[in-house]
Amino acid sequence: MIEEFTVELRTQREWNWLIMIAFFLGGISGGLFLLSTYLEFSLGRTAALVVVTFGTCTALYFDLGRPERALRLFSQVGSSWISRGTLLITLFIVFGVLSVLPSFGWFTWLPWSAAAGLGQAILAIALVSAFGVMIYTGFVMSYSPAIPFWNTTLLPIIFVFYAFMGGAAAIFSMIWATPEAERISQVLGPIEILFILSTIVLLFSYLATMFYSTVAARESVRMLIAGRFAWPFWGGVIIVGLVIPLALTVYTRFSVTAIPATAIILALVGVLELFGGFVFRYSLLRAGVYVQLI
Amino acid sequence: MRKVMVIDLRRCIGCQACTVACKAENATPPGLLWTQVLEKEEGKYPTPRKTFLPVLCNHCKDPACKRVCPTGATYQREDGLVLVDQDKCLGCRACITACPYQVRFYKRKFGSYYPNGLTPFEELGYKRHQPGVVQKCTFCSHRVDQGLEPACVQTCPTNCRFFGDFDDPNSDVSRLIRERYAFQLRAELATDPSVYYLP
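Sequence order as written defines residue numbering, which begins from 1 separately in each chain. The naming scheme follows written order: chains are lettered A onward, ligands numbered 1 onward. Given that the model is predicted, a residue must reach a pLDDT of at least 70 before its local features are reported, and side-chain atom pairs must reach 80 or more before they are shown or counted; all residues, however, enter totals for whole chains, interfaces and linings.

Here we look at the overall build of chain A
Step number 1: Helix and strand definitions here come from DSSP, where helices need a minimum of 4 consecutive H or I residues and strands a minimum of 2 consecutive E residues; each element is numbered from the N-terminal end. Assigned secondary structure in chain A consists of 9 helices and 0 strands.
Step number 2: Expressed as lengths along the three principal axes of its C-alpha atoms, the size of chain A is roughly 75 × 50 × 25 Å.
Step number 3: Across the 294 residues in chain A, those meeting the buried criterion constitute 49%.
Step number 4: Contact definition: two residues whose C-beta atoms, as placed from backbone geometry, lie within 7 Å. A separation of at least 24 residues holds for 76% of the contacts in chain A among residues at least 6 apart in sequence. For the exposure call, what matters is how many other C-beta atoms sit within 10 Å of a residue's own: 20 or more marks it buried, 12 or fewer exposed, and in between partly exposed, using C-beta atoms placed from the backbone.

This is the structure:
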């Protein structure tokens, strides 16, 4: 009798908008901080810390059923990726702020500077924890055996690339009106093309792998490519979030457009990519199908 | 000692007496079904039939829910029972997305079963449940501690549920698992559930 018994496939409903926002802003802030440090773009580093503090933390806090117990989040760092993520976010904020402070005029009295040994150590911790914030959300989801679509180590890797893309997108959105537009566009343009191409390859490898794994994972992929999330996926994630930004970035790279126009096109690339990045998290969370009981 | 439950699927008639017994014993609010019997129609006219699958927390030996819990609210006793410390849980629901058996529940607010507000039974019983935290079957740990069986096992009119010590080779559950080719749900996920089904 039981061999014939099946339970219909069901999507997860527990992690919704606030988690999508938290994962999205967390990725952006980590990528933005790393890239801004590499590009010596201090506005970007400050913006990253504002985003993670007032965006990610707020969304995560209000998603909790009992937010007044949030301090308990630190208690299982040995086993839980949510605990590890909380620690990483905290380290990122604390050491990120400490590394940024000397660049403000009011804090010249601090006993470290960006160039000195202590300042470099603080920055190193901030960078490592920023990278941790970029990747940990992928691990949070991939540690869920109940949802086979998420249960793969490809997910943290894709999250890292989306975080870098989000960081680059945020920088493009900010620099168009600054004097640093030309310098940063020259450096970040080719890197951006590499990020987008890598993300496209990874995303389709991930979907192909999942399609040929389990029934529940295949249903998740079907939902994305031909089911009820096909519009957000093809329209938002692929076309708006990857294809158009790639085409525009390549255009600015190989055209003879002057810098104000290039910077404005790249700002548009940034906005489109940010939109695509959010829809990616939305699609991934919404298409999380539980494994069948039997 | 490892407490396990064995469910004989050939005996289950889908009467949901276990569901009601659990409700009565644990006073769980609406939307929280710590145990229930899933059912499905099969076959075609003139020989259709219903098949039943009682489900509850599997109290896994290697629980995915415990691994992801960021506060240690989900813990495991020495007798294998997996429980939630409601005072530690902060309602992140990571355990719900990690549980392959979909038997964990979460409510931000509790309602009543009746339109005119909470009954005296509900008022008293709901004090045992906190809103905004994750809830699940406890294998009636309060009864087990007194040497009793879980309410669903005691109530089942067809005696399809058995409860006992897996580590005792002479217990009913050990014998049934051994002799009746018992199986676990989604055994391939390596969580080693403590609920066994007899085909």
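Next comes the rest of the description.
Considering the overall build of chain B
Step number 1: Across its full length, chain B holds 7 helices and 9 strands.
Step number 2: Taken over C-alpha atoms, the radius of gyration is set against a globule rule of 2.2 Å times the number of residues to the power 0.38. For 199 residues, the compact-globule estimate of 2.2 N^0.38 gives 16 Å, and chain B sits close to it at 17 Å.
Step number 3: Each of the three principal axes of chain B carries a C-alpha extent, and together these read 45 × 45 × 30 Å.
Step number 4: Across the 199 residues in chain B, those meeting the buried criterion constitute 43%.

As for the interface of chain B and chain A
Many structure descriptions define interface size as the accessible area lost when the parts assemble.
Step number 1: Counting residues at the interface gives 37 residues for chain B, matched by 31 residues for chain A.
Step number 2: Looking at the side of chain B that touches chain A, the elements that each hand over two or more residues are strand S2 (35-42), strand S3 (49-56), helix H2 (64-68) and helix H3 (94-98) of chain B.
Step number 3: Looking at which element gives the most residues to the side of chain B that touches chain A, the answer is H3 of chain B, with 4 residues.
Step number 4: Class assignment for the residues of the side of chain B that touches chain A results in 22 nonpolar, 7 polar and 8 charged. All residues other than Ala, Val, Leu, Ile, Met, Phe, Trp, Tyr, Cys, Pro, Asp, Glu, Lys and Arg, Gly among them, are scored as polar; the first ten of these are nonpolar and the last four charged.

Section: helix H7 (residues 215-225) of chain A
Step number 1: The set of residues buried in H7 of chain A consists of Ala 216, Ala 217, Glu 219, Ser 220, Val 221, Met 223 and Leu 224 of chain A.
Step number 2: At its buried positions, H7 of chain A is contacted by helix H6 (181-211), helix H8 (230-254) and helix H9 (259-286) of chain A.

Section: the sheet that holds strand S1 (residues 3-8) of chain B
Consider a sheet: its strands pair through backbone hydrogen bonds, and that pairing is either parallel or antiparallel.
Residues and elements named next belong to chain B.
Step number 1: Whether two strands pair depends on DSSP finding at least two bridges between them. If you trace the 3 strands from one edge of the open sheet to the other, you get S8-S1-S9, paired in mixed fashion. Two strands lie at the open edges of the sheet, namely strand S8 (161-165) and strand S9 (195-198), each paired on one side alone. Each adjacent strand pair in this sheet contributes to an overall mean axis angle of 25 degrees, direction not counted.
Step number 2: Geometry is summarised by axes, namely lines fitted to C-alpha atoms with helices restricted to the contacting stretch, and by angles between N-to-C directions that run from 0 to 180 degrees. Relative to S8, helix H7 (residues 172-179) is tilted by about 110 degrees, and along the sheet it contacts S1, S8 and S9.

Digging into the pairing of S1 of chain B
Residues and elements named next belong to chain B.
Step number 1: The element S1 is extensively covered by neighbouring structure, given that 6 of its 6 residues are classed as buried.
Step number 2: Burial along S1 is two-sided: Lys 3, Met 5 and Ile 7 and Val 4, Val 6 and Asp 8, pointing in opposite directions, are all buried.
Step number 3: Examined bridge by bridge, S1 and S8 share 5 bridges and lie antiparallel to one another. Looking at the pairing, Ile 7 lines up with Arg 161 of S8.
Step number 4: In this structure, S1 lies alongside S9, joined through 4 bridges in parallel fashion. When the sheet's bridge partners are listed, Val 6 is paired in S9 with Tyr 196.

A closer look at unusual backbone geometry
Residue and element names in this part refer to chain B.
Step number 1: The omega torsion of the bond from Tyr 45 to Pro 46 falls at 10 degrees, within 30 degrees of zero and hence cis.
Step number 2: Among the secondary structure elements, Pro 46 is positioned in the loop between S2 and S3.
Step number 3: Residue Gln 16 is not a glycine yet carries a positive backbone phi of 65 degrees.
Step number 4: When you line up the elements, Gln 16 lands in the loop between S1 and helix H1 (17-26).
Step number 5: Judged by the 17 C-beta atoms lying within 10 Å of it, Gln 16 falls in the partly exposed class.
Step number 6: The phi torsion at Ala 27 lies on the positive side, around 50 degrees, for a residue other than glycine.
Step number 7: Position of Ala 27 among the secondary structure elements: in the loop between H1 and S2.

Some points on the pairing of S2 of chain B
Residues and elements named next belong to chain B.
Step number 1: As paired elements, S2 and S3 share 8 bridges and run antiparallel to each other. Looking across to S3, one finds that Gln 36 is bridged to Val 55.
Step number 2: Taking the residues that link successive antiparallel strands as the turn, the S2-S3 hairpin has 6 residues, and the phi of Gly 43 there is positive, at about 80 degrees.

Thoughts on the packing of H8 of chain A against H9 of chain A
Any two packed helices are characterised by how steeply their axes cross, that is the angle between the axes, and by the distance between the axes.
All names here are of chain A.
Step number 1: Their axes nearest at 8 Å, the elements H8 and H9 cross at an angle of 155 degrees. Classified by the angle their axes make, H8 and H9 are roughly antiparallel. By crossing handedness, the relation of H8 to H9 is classed as left-handed.
Step number 2: Grouping the amino acids of the contact of H8 with H9 by side-chain chemistry returns 17 nonpolar, 8 polar and 1 charged. Here roughly perpendicular refers to angles of 65 to 115 degrees, roughly parallel to angles under 35, roughly antiparallel to angles over 145, and oblique to all remaining angles. Each crossing gets its handedness from the near helix: less than a right angle anticlockwise from the far helix is left-handed, clockwise is right-handed.

Side note on the packing of H6 of chain A against H7 of chain A
Residue and element names in this part refer to chain A.
Step number 1: With their axes 7 Å apart at the nearest point, H6 and H7 run at an angle of 135 degrees to one another. Judged on the interaxial angle alone, H7 and H6 are oblique. Residue-level contacts link Leu 207, Met 210 and Phe 211 of H6 to Ala 217, Arg 218, Ser 220 and Val 221 of H7.
Step number 2: A class-by-class count of the residues in the contact of H6 with H7 yields 5 nonpolar, 1 polar and 1 charged.

A short note on the confidence of the model for chain B
Detailed reading of the predicted coordinates is not advisable wherever pLDDT falls low.
Step number 1: For chain B, the mean per-residue pLDDT works out to 94, and 100% of the residues sit at or above 70.
Step number 2: Across the predicted assembly, pTM comes out at 0.91 and ipTM at 0.89. Residue-level confidence of the predictor, termed pLDDT, takes values from 0 up to 100.

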